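# Observations on the model geometry
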Amino acid sequence: MKKPLGAALFALVMAGAGAAPAVAAPAPTEAAAPPAVRAVTFAGTVSLSNCSGSVVRFPDSADSDPALVMTNGHCLETGFPEPGEVITGQSSRRTFGLLSSSGSRIGTLRANQVVYSTMTDTDVTIYRLTTTYAAIKSSYGISPLTVQNTHPTAGTAITVVSGYWRRTYSCNIDGFVYRLKEGDWTWKDSVRYTSACQTIGGTSGSPVVDNATGKVVAVNNTGNEDGERCTENNPCEVDENGNVTVREGINYAEETYQIPACFGAGNTLDLNASGCVLPKP
């Protein structure tokens, strides 16, 4: 997993304020990606105490619905969900810093529930806020990001938008991983970035935005840091035949297109809905 704040902050302090990788990363990544059809900004993203995230809606969400925040399962405030564990309807008082298009913090949003959280098959937590999309728009002029409900495409130009670091990483979808294994956890059909997206600790939970549409196609979650095989912070790729590939320095995200089918009217979770394939408790 892209470790929460502590390890990343320590690395930056030891390296110095102007040192790579954190500060040096944006220049080459921006040059490597094709020009975006639309500007990808920080609007709609949020900072957590230890991770990144975004205010999201689904294609059928209404402005009057309770707003949702999406981040990683491993960013859950109560700790990593165990393999096979699915958490729904858990009370939460978590707060999020809402960002403007330039990355300035313009407000605080509050959750009242962990609607869904797991690290099985995928790595996602979805929070329900105490306010609606319409109220956020009225108070701050910020609209949510829309989660795309179709499978992403290899070669797509993307931007990983970190609300925690107020930094973006631009690259392309290099391909998809049948199984991505890290420690005790396994994720299905993960997104592999091209090498330009050198995400770091604290970028966990960042929305992965399709530059052409502005929609969220995945949630950033991990990368192989040291070249180790299938250990924590060193995920490995496993193909249909069980062959293992290790790609040191390559980072990954979990697809989100399957999530909208699991939410109905009023942004209500329904894991029994037609087309919903998210793991159940």
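Keep in mind it's a predicted model, so treat the numbers as computed, not measured.

Okay, the state of the cysteines next. Taken as a whole, this structure holds four disulfides when the rule is applied. Taking only the cysteines that form disulfides and numbering them from first to last, the protein chain has the pattern 1-2, 3-4, 5-6, 7-8.

With that settled, the discussion passes to the environment of S206. One can find S206 in the loop between strand 11 (185-193) and strand 12 (207-210). Its relative accessible area of 0% is what places S206 among the buried residues. Every residue in contact with S206, bar those within four places of it in the chain, is listed here: S52, V160, V161, S162, A218, V219 and N220. Separated by 2.6 Å, the side chain of S206 and the backbone oxygen of T203 make a polar contact.

Once that is clear, we can look at the nonpolar core. The biggest cluster of nonpolar side chains holds 38 residues, and the ones touching the most others in it are V55, M70 and F96. Examining the composition of this core, we find that five residues originate from one element, strand 6 (residues 105-118), more than from any other. The residues touching M70, leaving out its near neighbours within four places in the chain, are G53, S54, V56, V124, T125, I126, V147, G205, V216, V219, T256 and I259. Judged by nonpolar contacts, the second largest core, of 16 residues, contains V160, Y164, C171 and V217.

The final tally for this structure, using the stated rule, is six salt bridges. R57 is the salt-bridge partner of D63, the closest N and O atoms lying 3.0 Å from each other. For R57, a relative accessible area of 16% puts it in the buried group. Note that R192 and E237 form a salt bridge whose closest N and O atoms lie 2.9 Å from each other. Placement of R192 in strand 11 and of E237 in strand 14 (residues 236-238) is noted, with a sequence separation of 45 residues between them. On the accessibility criterion, R192 (10% relative accessible area) is buried. Through salt bridges that share partners, D174, R192, E237 and R247 make up one connected network.

For the rest of this paragraph, the subject is the pairing of strand 3 (residues 66-71). The buried fraction of strand 3 amounts to five of the six residues, a majority that puts the element mostly inside the structure. Pairing of strand 3 with strand 7 (residues 124-132), which is carried by five bridges, proceeds in the antiparallel orientation. Bridge assignment links P66 to a residue of strand 7, and that residue is T132.

Throughout the structure, instances matching the rule amount to four aromatic pairs. When the ring of F58 is compared with that of F263, the centres are 4.8 Å apart and the planes differ by 40 degrees; the resulting orientation is tilted. On the criterion of sequence distance, the pair formed by F58 in the loop between strand 2 (52-57) and strand 3 and F263 in strand 17 (residues 263-264) is long-range, its members being 205 residues apart. Of the two residues, F58 and F263, both sit in the buried class. Aromatic side chains F96 and Y127 sit 5.2 Å apart centroid to centroid with 65 degrees between the ring planes, which places their arrangement in the edge-to-face category. With F96 in strand 5 (residues 95-99) and Y127 in strand 7, this pair connects stretches of sequence that are 31 residues apart. Judged by relative accessible area, which is 0%, F96 ranks as buried. Here the basic side chain of R57 rests over the ring of Y133, its NZ or CZ set 5.4 Å away from the ring centre. The ring of Y178 carries the charged tip of R179 above its face, separated from the ring centre by 4.0 Å.

Across the protein chain, the average pLDDT comes to 90, with 87% of residues at or above 70. Of the regions scoring below 50 in pLDDT, residues 6-36 engages in 27 contacts with residues more than four places distant in sequence or in other chains.

Of all five residues in strand 5, four are buried, a share of seventy percent or more. As paired elements, strand 1 (residues 45-47) and strand 5 share two bridges and run antiparallel to each other. Residue S47 lies in a different strand from strand 5, and its bridge partner there is G97. Counting the residues that bridge the hairpin from strand 5 to strand 6 gives five residues, and of these G103 lies at a positive phi of roughly 100 degrees.

Phi at N233 is positive, roughly 70 degrees, even though this residue is not glycine. Mapped onto the secondary structure, N233 falls in the loop between strand 13 (216-223) and strand 14. By relative accessible area, N233 is classed as buried at 16%. Even without being glycine, N267 reaches a positive phi, approximately 55 degrees. In this structure, N267 sits in the loop between strand 17 and strand 18 (268-269). You can call N267 buried: its relative accessible area is 6%.

Procedures and definitions
- Residues numbered from 1 in each chain as written.
- Predicted model: local features only at pLDDT ≥ 70, side-chain atom pairs only at ≥ 80, totals over all residues.
- Heavy atoms only, no water.
- Disulfide = S-S within 2.5 Å.
- Helix = DSSP H or I, 4+ residues; strand = E, 2+ residues; numbered from the N terminus.
- Buried < 20%, exposed > 50% of the residue type's maximum accessible area, 1.4 Å probe, protein only.
- Contact = heavy atoms within 4.5 Å.
- Polar contact = N/O pair within 3.5 Å; in protein donor to acceptor, adjacent residues only side chain to side chain.
- Core = buried A, V, L, I, M, F, W, Y, C linked by side-chain atoms within 4.5 Å.
- Salt bridge = Lys/Arg side-chain N within 4 Å of Asp/Glu carboxyl O.
- Pairing = 2+ DSSP bridges.
- Phe/Tyr/Trp six-rings, centres within 6.5 Å; stacked < 30°, edge-to-face > 60°.
- Lys NZ or Arg CZ within 6 Å of the ring centre and 35° of its normal.
- pLDDT = per-residue confidence, 0-100.

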